[in-house]
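Now for the letters of each chain:
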Protein chains: 4
Amino acid sequence: MKRKTLLTDCPDAKGLISKITNICYKHQLNIINNKEYVDHETGQFFMRTELEGFFKDETFLLDIEDTLPKGSEYSLVSQDERKKIVILVTKESHCLGDILMKAYDGSLDVEIAAVISNHETLGALTERFNIPFHFVSHENVPREDHEIKLIDIIKKYNPDLLVLAKFMRILTPSFVSQFPRKIINIHHSFLPAFIGARPYHQAYERGVKIIGATAHFVTHDLDEGPIIDQNIRHIDHTYSAEDMVKKGRDVEKTVLSHAISLVLEDRVFVYGNKTVIL
Amino acid sequence: MKRKTLLTDCPDAKGLISKITNICYKHQLNIINNKEYVDHETGQFFMRTELEGFFKDETFLLDIEDTLPKGSEYSLVSQDERKKIVILVTKESHCLGDILMKAYDGSLDVEIAAVISNHETLGALTERFNIPFHFVSHENVPREDHEIKLIDIIKKYNPDLLVLAKFMRILTPSFVSQFPRKIINIHHSFLPAFIGARPYHQAYERGVKIIGATAHFVTHDLDEGPIIDQNIRHIDHTYSAEDMVKKGRDVEKTVLSHAISLVLEDRVFVYGNKTVIL
Amino acid sequence: MKRKTLLTDCPDAKGLISKITNICYKHQLNIINNKEYVDHETGQFFMRTELEGFFKDETFLLDIEDTLPKGSEYSLVSQDERKKIVILVTKESHCLGDILMKAYDGSLDVEIAAVISNHETLGALTERFNIPFHFVSHENVPREDHEIKLIDIIKKYNPDLLVLAKFMRILTPSFVSQFPRKIINIHHSFLPAFIGARPYHQAYERGVKIIGATAHFVTHDLDEGPIIDQNIRHIDHTYSAEDMVKKGRDVEKTVLSHAISLVLEDRVFVYGNKTVIL
Amino acid sequence: MKRKTLLTDCPDAKGLISKITNICYKHQLNIINNKEYVDHETGQFFMRTELEGFFKDETFLLDIEDTLPKGSEYSLVSQDERKKIVILVTKESHCLGDILMKAYDGSLDVEIAAVISNHETLGALTERFNIPFHFVSHENVPREDHEIKLIDIIKKYNPDLLVLAKFMRILTPSFVSQFPRKIINIHHSFLPAFIGARPYHQAYERGVKIIGATAHFVTHDLDEGPIIDQNIRHIDHTYSAEDMVKKGRDVEKTVLSHAISLVLEDRVFVYGNKTVIL
């Protein structure tokens, strides 16, 4: 007996839940957990079905394909294989540290294949956890060449997900296009407020009473990708920009770790510039 | 075309989702929204299916009955009929006021059939909204007789739900048994903390840093019924018990109104001493 | 014995707390509550001192004036007089309703002098609470003339505060300049996100996972005034823009009512484009 | 120029703020930050004054002593010396890990002198951070002897604070009396709900919709000490007790780390069974 998850993303049609669950039943696969969502505005159907049983992937997926409308996306993902991530960082340790600790104690069921940085700062911390650390300086290197070096290292590890855990460099569309829907970033504001550089300093200038963090997929447009998770903390007039930076760490790391776990559990469907989370 | 919701609460069995959605499909009922939950510990299955189409209730329900295991509960509830509530209050107006305002502007899609109180205090407010107000004093009346009077009035209105919106009297099991699973109460603490009288004063004595509110079904055991919704507010050492009372009003009314809307939308399944909310 | 609050807003200087509290002590005024804040970046000092005793306002304020640096602002505000507000609304009732209910039960210690609207919709509700309602249509009237009519009515009531409780018209600088630091507005987003029209529809388009509300002073720049209070609610992909509108009501009304009570208790200092709340 | 904090905890009296700040002024100490609180119910006065200047501790404190009523507590604490903690753990790593990471990156300005455990589990993690780890098994040792061993080790380090970071042993009054007001614990429920063992399992049985964590000083009464900080997370019916354990980790560690920082910054006054946090 194995556990796999069927992911369906297709145009809505009559009887879809019935048809798909019928196929599961016919294949003697037990539904452990099922969630579906229909976007009635655009007529798109999403379903995430956790299954248990003896799988014959090919015949099962053929049946699924026969049933779904044209233009459907579907996949059957194993729940028994640990997923692999590569983490990109700069100098700040709180997000990386939280992922390291959660991988360490099993709160995040993930293999951290490597940590890559444009600074040496976090090398010692990473290596304490016996994880390869790659220092790739961006100094005196054309942006394009720097990214090519990064891509080379990343591709060697073939990760399921690339996590920007306070990686303070803007990635070019050319880099992003190498890892479609596979890069997530933590931005230290409640987007779309305070896009771009130094959001806490922008927040300080504006005099807001909340600060926040946003985990999102990275697309060609800076800070404009599909949002996975957001949260906030209340602040008051006594907070300097530096106090916000400090106070914001806990919410940044919690939001990022949560987003990672949602993606790794195959709960996040990207749909246009939005996410559906089942 | 009508909208109805099929509610299923039964022992889990293989293929249930498939079988139930098949019946919907066969009856040409479109599934607008579906949520299910299996309690794997006890093997109980819950499903809430919003349907649209031309219903032949009898034949549809016969098919459902044939399909479900023995001992199943199921029902088909219309979404087009406004539900009716009766509200019991004492002297405090914030919960009643919130329900009145939400019924007024349609935030709560409900008919308030009547308000009943053991004090006259809230009569004027109620009547401003053209809702019948019944004053039933508990003074110099045996508890049993008082409750019989209440029951008489309530039954005349035949409400779908009885809402205790800061009704500061303890109801006897004999009263409660007249309205099984049909009474909800707002308790002004995050239960199970501070059961019983004057929870804010208990909270003050204990020196907690949060206060809260709990909406729950009323059962024979005081403050022990199935919880529907809970929320909290942060406080600090500057709060007297009276400050907590004042600060608590917003969270009490929000939690109670939310619980009412969940129940009226048929989202709440009572299961043992817990609720499943779909 | 009376209660008054001394408000001080001045350039920071050595010994200010000591000097001001000395004067209170000398005048045999008991400090019930004191809060101060120094913005070390700009060197501005703020203090709010609740006093109890027999006040000789003139001699006390002369002593205060002698002590403070030049360019200081200070005032002595009575706590025993109920403040007066005028509320501007359009068609939505939830914010108005919350203020009406809170004034009714004393949660907000305020006199609602009048409600003014560019639609007739909320007249009946207002009058149920025996509050004057003024309908001033904006149709077929030049903006300037409409505002002059509003100003005329408002000035008759001489309110301490003007509350825009979902008033869906943009006010001109000429209107705003009539009531400096006396107009507060509720904007239905967590500013600075989604400035301008239809913020929930903008939020829907962007696919955010939180919605929020911001209470702020109104200045010449739309949605750019000093922020008093903000809060958010979590949402998910199932929310349409209309669902957000509905879900947002509770957070809008709670934030606005909270901001009103902060302002009426003289806790809010406006400083540049920010607020200091003591 | 140095920074020190004056802590005052005494019976309220007329002119206290004035008198104390006068002394600061006379000694040419600049007040960077001042917070005070009077518990009007019991007439107790608390003040925390951050000072900057050239300190003559003895004469300054003599002046303070002369000014305060009898029975006052006061102290002058340096802000330039890093405080020392000893951490007690059992097997779970999330709270320890968060403190280690926050000490590592400076989010917590603290020296972790040692980690002590009744299991070997967390030794490797601790030593990665170059912090001494002491394994003191409780097996086959009378409770009293085990505690004596712990006390011996702890006293060697002479910590400012003893942190129980998921230490799953109940400490005897005899142990607690060795470190009065110096032990803080994280309890994995929103106290006073779910006192004692296995709070998440109790929470599961009760069917609550929130889980939480409480950081408190340890006194002779289990889970009854003064509360420093509390927070909660929302859950739903899908959470098993094990899911709560997992979900609760982030709130536990955040609450504990926050409480540690409040105590180390000398912001927490213990007063009866409550805390005043300035």
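Residues numbered from 1 in each chain as written. Chains lettered and ligands numbered in written order. Predicted model: local features only at pLDDT ≥ 70, side-chain atom pairs only at ≥ 80, totals over all residues. Heavy atoms only, no water.

### Concerning the sheet that holds strand β4 (residues 73-78) of chain A
All names here are of chain A. For clarity, the threshold we go by: Paired strands, as defined in this entry, are two strands with at least two bridges between them according to DSSP. What counts as a helix is a DSSP run of H or I of at least four residues, what counts as a strand is a run of E of at least two, and both are numbered from the N terminus. Axes here refer to lines fitted to C-alpha atoms; in helices the fit is confined to the stretch in contact. Angles between the N-to-C directions go from 0 to 180 degrees.
Pairing is antiparallel in the open sheet, where 4 strands are placed in the order β2-β3-β1-β4. Across the chains shown, the open sheet's two edge strands, defined by having one partner strand only, are β2 (30-39) and β4. Direction aside, neighbouring strands of the sheet carry axes that sit 10 degrees apart on average. Both strand β1 (residues 2-11) and strand β3 (residues 44-53) contribute to a ladder of 10 bridges, which runs antiparallel. Looking at β3, one finds that T5 is bridged to E50.

### Quick look at the interface of chain C and chain A
Spelled out, the test is: We call two residues in contact whenever any of their non-hydrogen atoms come within 4.5 Å of each other. Buried area is calculated as the accessible area (1.4 Å probe) missing from two parts once they are joined, with the contributions of both summed. Only one rule defines a salt bridge in this text: a Lys or Arg side-chain nitrogen within 4 Å of an Asp or Glu carboxyl oxygen. Whenever two N or O atoms come within 3.5 Å, that pair is a polar contact, provided that in protein one can donate a hydrogen and the other can accept it, and provided that, for residues adjacent in sequence, both atoms are side-chain atoms. Each residue is assigned to one class: nonpolar for Ala, Val, Leu, Ile, Met, Phe, Trp, Tyr, Cys and Pro, charged for Asp, Glu, Lys and Arg, and polar for all the others, Gly among them.
Taken together, the contact pairs 33 residues of chain C with 33 residues of chain A. Area buried by chain C at its contact with chain A is led by R206(C), K209(C) and H237(C), which between them contribute 26% of it. Run the count over chain C and chain A and you get 2 salt bridges. Note that E224(C) is salt-bridged to R206(A), the shortest N-O span being 3.7 Å. Linking chain C to chain A there are 21 residue pairs in polar contact (both at pLDDT 80 or more). Going through the elements one at a time, β2 (30-39), α7 (199-206), β11 (227-234) and β13 (274-277) of chain C are the ones with two or more residues in the side of chain C that touches chain A. In terms of residues, the side of chain C that touches chain A owes the most to one element, β11(C), which gives 7 residues. Within the side of chain C that touches chain A, the residues separate by chemical class into 15 nonpolar, 9 polar and 9 charged.

### Observations regarding helix α3 (residues 94-105) of chain C
Helical geometry note: an α-helix holds 3.6 residues per turn, so side chains three or four residues apart project in the same direction. All names here are of chain C. The line we're drawing: One less than the number of residues in a helix, times 1.5 Å, gives the span that helix is expected to have. Exposure classes here rest on a 1.4 Å probe applied to the protein chains alone. A residue is buried below 20% of its type maximum, exposed above 50%, and partly exposed in between.
In a regular helix each residue adds 1.5 Å, so 12 residues correspond to 16 Å; α3 covers 16 Å between its end C-alpha atoms and thus fits that length. The element α3 is largely enclosed, with a buried count of 9 among its 12 residues. Those residues of α3 that fall on the buried side of the exposure criterion are H94, C95, L96, G97, D98, I99, L100, M101 and K102.

### With respect to the pattern of salt bridges
Two side chains of opposite charge can pair, provided their charged atoms sit close to one another. Residue and element names in this part refer to chain A. Within this structure, the stated rule accounts for 60 salt bridges over all chains. Across the salt bridge formed by K166 and E92, the nearest N and O atoms sit 3.9 Å from each other. With K166 in the loop between β8 (161-164) and α6 (173-176) and E92 in the loop between β5 (83-89) and α3 (94-105), this pair connects stretches of sequence that are 74 residues apart. One salt bridge connects D250 with K253, and the closest N-O pair in it is separated by 3.1 Å. Here K253 and D250 lie together in helix α8 (residues 241-264), a separation of 3 residues that amounts to about one turn.

### A look at the sheet that holds strand β1 (residues 2-11) of chain B
Residue and element names in this part refer to chain B. With antiparallel pairing, the 4 strands of this open sheet are ordered in space as β2-β3-β1-β4. Both edges of this open sheet fall to β2 (30-39) and β4 (73-78), since each of them pairs with a single strand only. With direction set aside, neighbouring strand axes in the sheet form an average angle of 10 degrees. Looking at chain direction, β1 and β4 are connected through 6 bridges and run antiparallel. Each residue of the ladder has a partner; that of L6, found in β4, is L76. Across the sheet, helix α1 (residues 16-26) is in contact with β1, β2 and β3 (44-53); its angle to β3 comes to roughly 20 degrees.

### Quick notes on the domain arrangement of chain A
Residue and element names in this part refer to chain A. We count it as follows: Each domain's extent is set by a domain assignment, obtained either automatically or from a database.
Each assigned domain of chain A is listed with its residue range as follows: domain 1 (2-78) and domain 2 (84-277). Computed over C-alpha atoms, the centres of domain 1 and domain 2 are 32 Å apart. The interface is formed by 13 residues belonging to domain 1 together with 8 residues belonging to domain 2. Both faces combined, the contact of domain 1 with domain 2 buries some 850 Å², and carbon together with sulfur accounts for 59% of it. Broken down residue by residue, the surface that domain 1 buries against domain 2 is led by L7, F46 and R48, which jointly contribute 51%. Between the two partners, domain 1 and domain 2, sit 1 salt bridge. In this structure, R267 and E50 form a salt bridge, with 3.8 Å as the shortest nitrogen-oxygen distance. The element that contributes the greatest number of residues to the side of domain 1 that touches domain 2 is β3, accounting for 5 residues. The residue makeup of the side of domain 1 that touches domain 2, split by class, is 5 nonpolar, 3 polar and 5 charged.

### A short note on the environment of T126(B)
Residue and element names in this part refer to chain B. Note that T126 resides in helix α4 (residues 123-128). Taking relative accessible area as the criterion, T126 reaches 0% and is therefore assigned buried. In the structure, T126 is positioned 58 residues away from L68 in sequence and 45 Å away in space, judged by C-alpha atoms. Residues contacting T126, with those up to four places away along its chain left out, are L96, V115, I131, P132 and F133.

### Thoughts on unusual backbone geometry
Across the junction of L191(B) and P192(B), the peptide omega takes the value 10 degrees, indicating a cis bond. Relative to the helices and strands, P192(B) is located in the loop between β9 (183-187) and α7 (199-206). Non-glycine residue D223(D) carries a positive phi angle of around 60 degrees. Structurally, D223(D) can be placed in the loop between β10 (210-217) and β11 (227-234).

### Focus: the relation of the copies chain A and chain D
To keep it simple, the criterion reads: Here the copies are superposed with least squares, the fitted atoms being C-alpha atoms of residues at a pLDDT of at least 70 in both.
Least-squares fitting of chain A to chain D yields an RMSD of 0.0 Å, with the superposition described by an axial translation of 0.0 Å and a rotation of 180 degrees. Both chain copies can therefore be described as sitting about a two-fold axis. No C-alpha of chain A lies nearer the rotation axis than that of R128(A), which sits 2.9 Å from it. Both copies present the same face, since 100% of the interface residues in chain A are matched by interface residues at the equivalent positions in chain D.

### A short note on the relation of the copies chain C and chain A
With an RMSD of 0.0 Å, the operation that places chain C on chain A is a rotation of 180 degrees combined with a shift of 0.0 Å along the axis. The residues that chain C uses at the interface reappear at the interface of chain A in 100% of cases, marking a shared surface.

### Considering the interface of chain A and chain D
Across the boundary between the two partners, chain A contributes 21 residues, which contact 21 residues of chain D. Buried surface at the junction of chain A and chain D, summed over both partners, amounts to about 1900 Å²; 45% is from carbon and sulfur atoms. Together, M101(A), Y104(A) and R128(A) form the three largest contributors to the area buried by chain A at its contact with chain D, with a combined 31%. At the boundary of chain A with chain D, the tally comes to 4 salt bridges. In this structure, the salt-bridge partner of K253(D) is D98(A), at a minimum N-O distance of 2.5 Å. At the junction of chain A and chain D, the tally comes to 9 residue pairs in polar contact (both at pLDDT 80 or more). Put simply, the parts of the chain that give the side of chain A that touches chain D at least two residues each are α3, α4 (123-128) and α8 of chain A. The biggest single contributor to the side of chain A that touches chain D is α3(A), with 7 residues. Here the side of chain A that touches chain D is built from residues that sort into 4 nonpolar, 8 polar and 9 charged.

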